[in-house]
Amino acid sequence: TDDFPAIVACHKYANKAIVVKPKSTNFGLGISIFKEEAKEEDIKEAFKLAFEHDDTVLVEEFIKGKEYRFLVIGDKVPGILHRVPANVVGDGERSIKELVEEKNKDSLRGKGYKTPLEKINLDDNVKLFLKQVGKDFDYVPAKDEIVYLRENSNISTGGDSIDYTDLIPQRFKDIAVESAKAVGANFCGVDMMLEDYSDENSNYAIIELNFNPAIHIHSYPYKGKEREIAKEVLEILGFIK
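To keep things clear, this report deals only with the structure shown in the data block. Quick caveat: nothing in here was measured; it's all calculated off a predicted structure.

Right, let's get into the packing of aromatic side chains. For any two aromatic rings, the description comes down to two numbers: the centre-to-centre distance and the angle of the planes. Scanning all chains against the criterion turns up 6 aromatic pairs. Each ring, one from Phe 47 and one from Phe 51, has its centre 6.2 Å from the other, and the planes form 20°; the classification is stacked. One end of the pair is Phe 47 and the other is Phe 51, both in helix 2 (residues 40–51) and 4 residues apart, which spans about a single turn. By relative accessible area, Phe 47 is classed as buried at 4%. Geometrically, the ring pair formed by Tyr 164 and Tyr 197 is edge-to-face, given 5.0 Å between the ring centres and 85° between the ring planes.

Here it is, written out as structure tokens:
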């Protein structure tokens, strides 16, 4: 309701670049990201979406850059992915809704993490995100126009995975390993924002540590080299040497 404490407090975050997210959800559910100054009415909607998934909601500062998932296993980083948010490429004829239906026919896409990629779901978060750029599901993108459907890039919400394991400087791999050690995790998915992945002195920020990281997304990336993650898991468990 509009008199709920979090809704009443929305004005505190208006005109700021923020992220609104449930405290304990997975798979990017209920997350709304405002890269530009957020309007109070849209923040209210973001809170309502987040509270559908948890009774505690976080408001975080938006960090610039691109997000990379570092998979940490023991002292190694056997896989790094850049996850591109769910998107469609226009043909000048079909609407966003129609383009999503076509993209979801790809055999790589399924539901419930049984396939390397997930189907795109045009939910309320997508509706809110498109509203920020003056679009809706019926918008017809121009030929070759890329339309992103949400800001968060989780594979579980229809994102595309691209392997960057050999392109990221060692410094950031070391940071990922140390961050996993700091929380006592032998298996950890470290989500890191990098302004320039090719520059070891780039600004960075760790936005999340995942104790249940999906490993198959590194084994079957949408683009790039497949990684032998299962071998690394068996090694740390002592089954092979």
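Alright, that's what it looks like, and here's the rest.
The next thing to look at is empty space enclosed by the protein. Per the counting criterion, the structure on display carries 1 cavity of 30 Å³ or more. Quantified by volume, the largest cavity comes out at close to 100 Å³. Contributing to the lining of the largest cavity are Ile 31, Ser 32, Ile 33, Phe 34, Asn 125, Leu 128, Phe 129, Gln 132, Arg 150, Glu 151 and Asn 152. When residues of the lining of the largest cavity are traced back to their parent elements, those giving at least two are strand 2 (32–34) and helix 4 (124–132).

Looking at the secondary structure, you find Gly 184 in the loop between helix 5 (170–182) and strand 11 (187–194). Spatially, the C-alpha atoms of Gly 184 and Phe 211 are 9.9 Å apart, while their sequence positions differ by 27 residues.

Positive phi is not limited to glycine here, since Asn 15 has a value of about 65°. Here Asn 15 shows up in the loop between helix 1 (5–8) and strand 1 (18–22). Residue Asn 15 is classed as exposed on the basis of its relative accessible area, which comes to 53%. Positive phi, close to 70°, is recorded for Asp 144, a residue that is not glycine. For Asp 144, a relative accessible area of 56% translates into the label exposed.

Taken together, the side chains of Leu 234, Ile 236, Leu 237, Phe 239 and Ile 240 present a nonpolar region at the surface, about 460 Å² in accessible area. Here Phe 239 lies in the segment after helix 7 (229–236).

Time to look at the sheet that holds strand 12 (residues 204–210). Read across the open sheet, the 5 strands follow the order 10-5-4-11-12; overall the sheet is antiparallel. The open sheet is flanked by strand 10 (160–163) and strand 12, the only strands paired with a single partner. Averaged over neighbouring strand pairs, the angle between their axes works out to 30° when direction is ignored. Contacting strand 4 (66–73), strand 5 (76–84), strand 11 and strand 12, helix 5 crosses the sheet at an angle of about 130° to strand 11.

By size, the foremost hydrophobic cluster in this structure holds 17 residues, and its most contacted members are Phe 70, Val 72, Ile 168 and Met 192. Counting residues per element, this core draws most heavily on helix 5, at 5 residues. Sequence-distant contacts of Met 192, that is, excluding residues within four places in its chain, are made with Lys 66, Glu 67, Tyr 68, Phe 70, Phe 172, Ile 175, Ala 176, Tyr 204, Ala 205 and Ile 206. Judged by nonpolar contacts, the second largest core, of 14 residues, contains Ala 6, Cys 10, Phe 47 and Leu 49.

For helix 2, built from 12 residues, the straight-helix expectation of 16 Å at 1.5 Å per residue is met to within 8% by its first-to-last C-alpha distance of 17 Å. Buried residues of helix 2: Asp 42, Ile 43, Ala 46, Phe 47, Leu 49 and Ala 50, and no others. Burial along helix 2 is one-sided: seen end-on, the buried residues are contained in an arc of 165°.

Tallied over the full model, the rule gives 17 salt bridges. Between Asp 191 and Arg 69 there is a salt bridge, and its shortest N-O distance comes to 2.6 Å. Of the two residues, Asp 191 sits in strand 11 while Arg 69 sits in strand 4, which places them 122 residues apart along the sequence. Just as Asp 191 is buried, Arg 69 falls in that class too. Residue Lys 181 pairs with Asp 75 through a salt bridge whose shortest N-O separation is 3.2 Å. Here Asp 75 lies in the loop between strand 4 and strand 5 and Lys 181 lies in helix 5, a separation of 106 residues in the sequence.

So, how was this worked out
Residues numbered from 1 in each chain as written. Predicted model: local features only at pLDDT ≥ 70, side-chain atom pairs only at ≥ 80, totals over all residues. Heavy atoms only, no water. Phe/Tyr/Trp six-rings, centres within 6.5 Å; stacked < 30°, edge-to-face > 60°. Helix = DSSP H or I, 4+ residues; strand = E, 2+ residues; numbered from the N terminus. Buried < 20%, exposed > 50% of the residue type's maximum accessible area, 1.4 Å probe, protein only. 1 Å grid on protein atoms, 1.4 Å probe; cavity = no way out; pocket = protein on both sides within 12 Å on 5 of 7 lines; lining within 4 Å. Points joined across faces, edges and corners; volume = space filled by probe spheres on them. Patch = residues over 30% accessible without salt bridge, like charges linked within 9 Å, V, L, I, M, F, W, Y side chains within 5 Å. Areas by Shrake-Rupley, 256 points an atom, 1.4 Å probe, with all protein chains shown as cover. Salt bridge = Lys/Arg side-chain N within 4 Å of Asp/Glu carboxyl O. Pairing = 2+ DSSP bridges. Axes fitted to C-alpha atoms, helices over the stretch in contact; angles between N-to-C directions. Contact = heavy atoms within 4.5 Å. Core = buried A, V, L, I, M, F, W, Y, C linked by side-chain atoms within 4.5 Å. Expected span 1.5 Å × (residues − 1). Arc of directions from axis to C-beta.

By themselves, these figures tell us nothing about what the structure is for.
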